[in-house]
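Single-letter residue listing:
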Amino acid sequence: MINTGYDPLQHTSVYYGKEDSDDSDGEGGLGNVNRQIMRPPGHSGKAKRGHLCFDASFECGNLGRVDLINEFEYDLFIRPDTCSPRLRFWFNFTVDNVKLDQRVIFNIVNISKERNLFMEKMTPIVKSSSRPKWQRIPKKHVYYHKSTVHQGHYIFSFSFGFDKEEDIFQFALAPPYSYSKLQAFLPVLDKKASHLKESFSRELLANSVQSRRVDLITIGSLDPAPKSKAKRRIVFIMARIHPGETPASFVCQGLLELLISSNSIASILRDNVTFKVIPMLNPDGVFLGNYRSTVMGTDLNRSWHVANQWLHPTSKAVIDILTILDKSKDFQLDFVIDIHAHSSLTGCFVYGNTYGDVYRYERHILFPKLLATTADDYAAGNTMFNSDATKAGTARRYLCSLLSDKVNCYSFEISIYGYKLKGSDTIIPYTEESYMRCGRNLVRTFFEYYTNTGAIAFHITAEVSSKRTRSRTAQIRRRNQKHGRNRTPLTGRIQAQLHFTNLNINYDSETSLEDCTYSYRYTSPRKAFDKISEQYSLRKSAKSNIEQKHNFRSDSPIPTTYVVLPEPSLTVIDFNVMSRDDIDKVSKVNKIQKKSSQKFDFLQHIHQIIHTLSSSSLR
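This report concerns the structure included in the present document. Bear in mind the structure is a predicted one, so any value in this text is a computation, not a measurement.

Analysis parameters
- Residues numbered from 1 in each chain as written.
- Predicted model: local features only at pLDDT ≥ 70, side-chain atom pairs only at ≥ 80, totals over all residues.
- Heavy atoms only, no water.
- Helix = DSSP H or I, 4+ residues; strand = E, 2+ residues; numbered from the N terminus.
- Buried < 20%, exposed > 50% of the residue type's maximum accessible area, 1.4 Å probe, protein only.
- Contact = heavy atoms within 4.5 Å.
- Areas by Shrake-Rupley, 256 points an atom, 1.4 Å probe, with all protein chains shown as cover.
- Salt bridge = Lys/Arg side-chain N within 4 Å of Asp/Glu carboxyl O.
- Axes fitted to C-alpha atoms, helices over the stretch in contact; angles between N-to-C directions.
- Left-handed = near helix turned anticlockwise from the far one by under 90°.
- Nonpolar A, V, L, I, M, F, W, Y, C, P; charged D, E, K, R; others polar.
- Polar contact = N/O pair within 3.5 Å; in protein donor to acceptor, adjacent residues only side chain to side chain.
- Parallel < 35°, antiparallel > 145°, perpendicular 65-115°, else oblique.
- Pairing = 2+ DSSP bridges.
- Lys, Arg positive; Asp, Glu negative; His and termini not counted.
- Phe/Tyr/Trp six-rings, centres within 6.5 Å; stacked < 30°, edge-to-face > 60°.
- Lys NZ or Arg CZ within 6 Å of the ring centre and 35° of its normal.

Along the protein chain, the regular secondary structure elements total 13 helices and 23 strands. Across the 619 residues in the protein chain, those meeting the buried criterion constitute 44%. The long-range fraction of contacts in the protein chain, counting pairs at least 24 apart against all pairs at least 6 apart in sequence, stands at 71%. Accessible surface, the protein chain: about 34,300 Å² in total, of which carbon and sulfur atoms supply 52%.

Attention shifts here to the pattern of salt bridges. Applying the stated criterion across every chain, the model contains twelve salt bridges. Close ionic contact of Asp167 with Arg131 constitutes a salt bridge, the shortest N to O distance being 3.5 Å. One end of the pair, Asp167, is in the loop between strand E10 (153-162) and strand E11 (169-172); the other, Arg131, is in strand E8 (residues 131-136), and 36 residues separate them in sequence. Residue classification places Asp167 among the buried positions, given a relative accessible area of 4%. Judged by its relative accessible area of 29%, Arg131 is partly exposed. Two residues, Asp320 and Lys316, come together in a salt bridge whose shortest N-O distance is 3.1 Å. Residue Asp320 and its partner Lys316 are located together in helix H5 (residues 313-327), separated by four residues, close to a single helical turn. When its relative accessible area of 35% is taken as the criterion, Asp320 is described as partly exposed. What makes Lys316 partly exposed here is its relative accessible area of 25%. If you follow the salt bridges from partner to partner, you end up with Arg131, Asp163 and Asp167 in one network.

Turning our attention to the environment of Leu204. Its location among the elements puts Leu204 in strand E12 (residues 200-207). On the basis of relative accessible area, Leu204 is assigned to the partly exposed category, the value being 41%. Residues Leu204 and Ile217 lie 13 residues apart in sequence; the distance between their C-alpha atoms is 8.9 Å. The residues contacting Leu204, other than those within four sequence positions of it, are Arg213 and Val214.

Before going further, it helps to spend a moment on the packing of H5 against helix H8 (residues 395-402). In contact at an axis separation of 11 Å, H5 and H8 are set at 35 degrees when each is read in the N-to-C sense. For the pair H5 and H8, the crossing hand works out as right-handed. Taking contact as the criterion, the partners of Ile319, Leu322 and Thr323 in H5 are, on H8, Tyr398, Leu399 and Leu402. Class assignment of the residues belonging to the contact of H5 with H8 gives a composition of five nonpolar, one polar and no charged.

Of all the residues in helix H3 (residues 264-272), the buried ones are Ala266, Ile268, Leu269 and Arg270. Residues of H3 that are buried make contact with strand E13 (213-219), strand E14 (232-239), helix H2 (247-259), strand E15 (273-278) and helix H9 (432-452). The N-cap residue of H3 is Asn263: its side-chain oxygen and the backbone nitrogen of Ile265 are 2.8 Å apart.

Okay, the packing of H3 against H9 next. In the contact formed by H3 and H9, the axes pass within 10 Å of each other and the chain directions differ by 55 degrees. Viewed along their axes, H3 and H9 adopt a mutual orientation that is oblique. H9 is crossed by H3, and the crossing has left-handed handedness. For the pair H3 and H9, contact is made by Ile265, Ile268 and Leu269 and by Val443, Arg444, Phe446, Phe447 and Tyr450, respectively. Of the residues belonging to the contact of H3 with H9, the class tally is seven nonpolar, no polar and one charged.

Okay, the sheet that holds E12 next. Read across the open sheet, the eight strands follow the order E12-E13-E15-E14-E16-E19-E17-E18; overall the sheet is mixed. Taken across any chain shown, the strands that pair with only one partner, and hence form the sheet edges, are E12 and strand E18 (384-386). The mean angle between the axes of side-by-side strands here comes to 20 degrees, regardless of whether they run parallel or antiparallel. Looking at chain direction, E14 and E15 are connected through six bridges and run parallel. When the bridges of E15 are listed, Arg233 appears paired with Val273. Along the sheet, helix H7 (residues 366-374) contacts strand E16 (331-342), strand E17 (348-353), E18 and strand E19 (408-415); its crossing angle with E19, the most-contacted strand, is approximately 30 degrees.

Attention now goes to unusual backbone geometry. In this model, Cys83 sits at a positive phi of 60 degrees, which is unusual for a non-glycine residue. Take Cys83: it is sitting in the loop between strand E4 (73-77) and strand E5 (92-96).

A few words now on the side chain of Asp55. Within the secondary structure, Asp55 is located in strand E2 (residues 53-55). There is no salt bridge for the buried Asp55, and the closest opposite charge comes from Arg35, which lies 4.8 Å off by N-O distance. One polar contact links the side chain of Asp55 to the main-chain amide nitrogen of Arg35, over a distance of 3.4 Å. A distance of 2.7 Å separates the side chain of Asp55 from the side chain of Ser57, its partner in a polar contact.

In this structure the tally under the stated criterion is 35 aromatic pairs. Taking the centre distance of 6.4 Å and the plane angle of 25 degrees together, the rings of Phe250 and Tyr435 count as stacked. Highlighted residues: Phe250 in helix H2 and Tyr435 in helix H9, separated in sequence by 185 residues. The two residues Phe250 and Tyr435 agree in class, both being buried. When the ring centre of Phe287 is taken as origin, the NZ or CZ atom of Arg212, which lies over that ring, is 3.9 Å away.

Quick look at the structure:
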């Protein structure tokens, strides 16, 4: 029986500073569990195999508290964002000291956002030290439901069986992408882009509150377009404003890897467009394992309009560089794209703005339409364009009002779970590779946009050599004349001669096919068409004297829509196994059969005449 005065979040009192977890790092109850071993009641001494050990005291980790319910069930509490206790969704922790075939149930009991993709049967991911590839827990072992024990709040439960005692198992909401991983990736990217020389650079844009790097990657030349009055185009992209939206980093990595590659699309884009990319705008929140906040508890994507150097140094640095680029006489800032991961919708889609100027709005919706044709996972139904006042502090809303009318500001969203294929309701979970594929789709969409708008003069025919080459027939004829050889056909096969009788065809024409007897085997199609047209015109203009003037067959029928053509006596020919001698034999057999048939018809005709004369004499 639950008392009416029960606090529904009493079990999270650790987050209000009332008490610390025994094994937390002691930061006022805001730290992660640190090698916390769950011993059953009454047990003391050294932990035995099967006494689970929970740990989240590592980069990107998040698990604030663990309660042992019984031998098989544990309540897990997400550590809220620093200085922002209302935000609780991201989790990332490890479990070890397991027993073989041990079965457990984990309940995550303090998720702050009730309407999320767990309602769409999203499942957490898991990997182990011997199986480093992330896998999703099967849906049949995952439950998202209201719990009467927790005052009707939604809790997320999943069952799991440990199959290797020596392994360390890691559970997470989505594939983690840490600050250290980015700092290890960028030098590799720099090395791979060495062939670009001055078209690639990595520089320090700003330092975070905790003095972590915010890198700015530039791909494409910054020199003004030579011998042209047109300004060089600029595309500005940023990601990981919200630390818990890790798919945004994979999208950004896929985009960067394609842009520095030798792919023809990337090469053309680098020659005409300059990309400026910030892979991680909130490195402090990422390092701490927050969901949306910085170390100061600020949601950067709700505070662009109040950004200052002390509280939001990274956002302030972005505003400064965008203002410079927008006012430059040599560069034209076209795009500002903020990459996010969505926790309640599937697929990838775009959030844009609305404008009073209809021409600006039509120009604004072009990029999402092109992306919809490029990406199979694009969810057009989730795309939205608005001017909601409550979103005034977001990047797409504030930067849209700050910059000139030529700049298009978007939020690119990708699901933290999966996508639906067109015409299907089945959700396909995203993987690290499919997230990076979305980044490559963005690059292809930029190419489509600039070629369709005429900013990039790209013609397929330009890649074809303008040098005229002789045809293969002319080459063979010239070679034969040089070596004194007889003319030979271009193929080793010879067309079989077929005899046709009694074949009915519905042919919509005013003439018989037999009238078009001109051979076009060794002439151009145009000459053959002219010759056939000439024959047809002559027949149509002089039906009365066709037989005398043009030597057409006297028994040719009057043209109708139905034409009777001969039926082939040689019905099946395997040209792959027939030789030239075989075809000659077939031709001889046909001639013999034709002569025999004609001789038989002549004898039958003589016999009929004799029979008629005999009958007359008898009368």
